[in-house]
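So the chains spell out like this:
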Amino acid sequence: MRMSNEKKKDMADSDMYYFFEGKRGREFYLRLKDGVDLLEGIKQFVKDKKIRIAKIHAAFLGSFQPVKYEFWTPDTRDPKNWHNLSVANFGNINQILGINGVVHTRIIEGKEQTVVMIHGITGGGWDTPTVGGHFREGTIVKGGCGVFITELLGMEGLINPS
């Protein structure tokens, strides 16, 4: 995704990068219950708390069954397409080995929509490989899942139409 000139004008810059500087807002420990979809559960929490931008980090505990990952994979039909996405589904129980992600807001058709994007590594189950990628809808909490969420303030310039 290329950054628009409109977005760039709100950012500080150098010859090599653009950036926003913000500060930490509220900090939460969130424990999702057994059977909850990982992304939907976090999305509901941030909506309830009116969080627009945040980081998700440091899984305290948890496992999933199933876990669904999205990966960038070679496009055999078009080798120039480096943004080809494929989904993999692992049905056995998977322990969370690491997790991080972001919450941000997009304006779509004039309405703010919450987007949750989380990368993680899971493994440690029976007949389950250690694997990582971008979690997809349908990743279901098994037993429980605890994560820390830190609200980020002063970065509203990241919110733009998609």
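Residues numbered from 1 in each chain as written. Predicted model: local features only at pLDDT ≥ 70, side-chain atom pairs only at ≥ 80, totals over all residues. Heavy atoms only, no water.

With that out of the way, let us pick up the overall build of the chain. Counting its regular elements, the chain contains two helices and ten strands. In the chain, buried positions account for 36% of the 162 residues. Taking all contacts inside the chain whose residues are at least 6 apart in sequence as the whole, residues at least 24 apart take part in 71%. Carbon together with sulfur atoms contributes 52% to the accessible area of the chain, which is approximately 10200 Å² in total. (Helix = DSSP H or I, 4+ residues; strand = E, 2+ residues; numbered from the N terminus. Buried < 20%, exposed > 50% of the residue type's maximum accessible area, 1.4 Å probe, protein only. Contact = heavy atoms within 4.5 Å. Areas by Shrake-Rupley, 256 points an atom, 1.4 Å probe, with all protein chains shown as cover.)

What follows deals with helix H2 (residues 38-48). Residues of H2 that are buried include every one of Leu38, Leu39, Gly41, Ile42, Phe45 and Val46, and no others. All buried residues of H2 lie within an arc of 165° about the axis, which places them on one face of the element. One side-chain oxygen at the N-terminal end of H2 lies 3.1 Å from the backbone nitrogen of leucine 39; it belongs to aspartate 37. Positive backbone phi, at 55°, marks lysine 50, one or two positions downstream of H2. (Arc of directions from axis to C-beta. Polar contact = N/O pair within 3.5 Å; in protein donor to acceptor, adjacent residues only side chain to side chain.)

Okay, the side chain of threonine 128 next. Considering the arrangement of structural elements, one finds threonine 128 in the loop between strand E8 (111-123) and strand E9 (131-135). Here isoleucine 93 takes part through its backbone oxygen, which lies 3.5 Å from a polar atom of the side chain of threonine 128. Each residue touching threonine 128, except ones within four places of it in the same chain, is listed here: Asn92, Ile93, Asn94 and Gly123.

To continue, consider the environment of asparagine 94. Residue position: asparagine 94 is located in strand E7 (residues 94-108). Residue asparagine 94 is classed as buried on the basis of its relative accessible area, which comes to 0%. Contact partners of asparagine 94, with chain neighbours within four places excluded, come to Gly62, Ser63, Phe64, Val67, Thr122, Gly123, Thr128 and Pro129. A polar side-chain atom of asparagine 94 sits 3.5 Å from a polar atom in the side chain of threonine 122.

Quick look at the pattern of salt bridges now. All told, the structure shown has six salt bridges when counted by the stated rule. Two residues, arginine 24 and glutamate 27, come together in a salt bridge whose shortest N-O distance is 4.0 Å. With a closest N to O distance of 3.9 Å, lysine 43 and glutamate 40 form a salt bridge. Of the two residues, lysine 43 and glutamate 40 both sit in helix H2, three residues apart, roughly one turn of that helix. By sharing partners, the salt bridges in this structure join Glu70, Arg136 and Glu137 into a single network. (Salt bridge = Lys/Arg side-chain N within 4 Å of Asp/Glu carboxyl O.)

We now examine the nonpolar core. Formed by 25 residues in total, the largest nonpolar core has its most connected members in Ile42, Ile118 and Ile149. Looking at this core, the elements that each hand over two or more residues are strand E3 (23-33), H2, strand E4 (54-64), strand E5 (67-72), E7, E8, E9 and strand E10 (141-153). (Core = buried A, V, L, I, M, F, W, Y, C linked by side-chain atoms within 4.5 Å.)

Moving on: the packing of aromatic side chains. Scanning the entire structure with this criterion turns up seven aromatic pairs. Consider the rings of tyrosine 69 and phenylalanine 71, whose centres lie 5.9 Å apart with planes at 35°: the pair is tilted. With a relative accessible area of 23%, phenylalanine 71 lands in the partly exposed category. Between tyrosine 69 and phenylalanine 135, the aromatic rings sit 5.0 Å apart at their centres with planes inclined by 25°, giving stacked as the arrangement. Residue tyrosine 69 is found in strand E5, and its partner phenylalanine 135 is found in strand E9; the two are separated by 66 residues along the sequence. The buried category is assigned to phenylalanine 135, whose relative accessible area is 1%. Here the aromatic residues Phe64, Tyr69, Phe71, Phe90 and Phe135 are joined through ring pairs into a cluster of three or more. (Phe/Tyr/Trp six-rings, centres within 6.5 Å; stacked < 30°, edge-to-face > 60°.)

Note that every value here comes from positions in space, so none of it alone points to a role or purpose.
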